[in-house]
Amino acid sequence: MHDLTGFQRDLLYVISGADRPSGQTVKDEVEKYYSSEINHGRLYPNLDTLVNKELVEKGQLDRRTNYYAITDAGTQRIEERREWEEQYVDM
């Protein structure tokens, strides 16, 4: 995850916890966490980065709506991050 921004990591976490969310659904969830509006110019380029890095798959729900789904590589990156965090954070 070292090559992702914190925002991209948050997007990846949201996508992994949902069943093929639309971009709007991802946006809504991230806005709740950040307590501020996320504009499309920030959201979609970062989603595209996750797709280009093959951590997320992008597909079409209909002509206007895309969905995003975590890939096996994305799941593995989250698992590796969690293992790394556990070394330092004891809860």
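Criteria and thresholds
Residues numbered from 1 in each chain as written. Predicted model: local features only at pLDDT ≥ 70, side-chain atom pairs only at ≥ 80, totals over all residues. Heavy atoms only, no water. Axes fitted to C-alpha atoms, helices over the stretch in contact; angles between N-to-C directions. Helix = DSSP H or I, 4+ residues; strand = E, 2+ residues; numbered from the N terminus. Parallel < 35°, antiparallel > 145°, perpendicular 65-115°, else oblique. Contact = heavy atoms within 4.5 Å. Nonpolar A, V, L, I, M, F, W, Y, C, P; charged D, E, K, R; others polar. Patch = residues over 30% accessible without salt bridge, like charges linked within 9 Å, V, L, I, M, F, W, Y side chains within 5 Å. Areas by Shrake-Rupley, 256 points an atom, 1.4 Å probe, with all protein chains shown as cover. Salt bridge = Lys/Arg side-chain N within 4 Å of Asp/Glu carboxyl O. Lys, Arg positive; Asp, Glu negative; His and termini not counted. Charge placed at Lys NZ, Arg CZ, Asp CG, Glu CD. Pairing = 2+ DSSP bridges.

With an unreviewed UniProt entry as reference, the protein is termed PadR family transcripitonal regulator, source organism Halostagnicola larsenii XH-48.

A. Examining the packing of helix α1 (residues 6–16) against helix α3 (residues 40–52) more closely. Look at α1 against α3: their axes get within 10 Å of each other, and the N-to-C directions meet at 75°. In terms of orientation, α1 lies roughly perpendicular with respect to α3. In contact with Phe7, Gln8, Leu11, Leu12 and Ile15 of α1, α3 contributes Arg42, Leu43, Asn46, Leu47, Thr49 and Leu50. When the residues that make up the contact of α1 with α3 are grouped by side-chain class, the tally is 7 nonpolar, 3 polar and 1 charged.

B. View of a negative patch on the surface. A cluster of acidic residues, Glu79, Glu80, Glu83 and Glu86, forms a negative patch at the surface. Structurally, Glu86 can be placed in helix α4 (residues 72–86).

C. Representation of the pairing of strand β2 (residues 66–70). Across 5 bridges, strand β1 (residues 56–60) lies against β2 in antiparallel orientation. The partner of Lys58 across the bridge, within β2, is Tyr68. The hairpin turn running from β1 into β2, its antiparallel successor, is 5 residues long.

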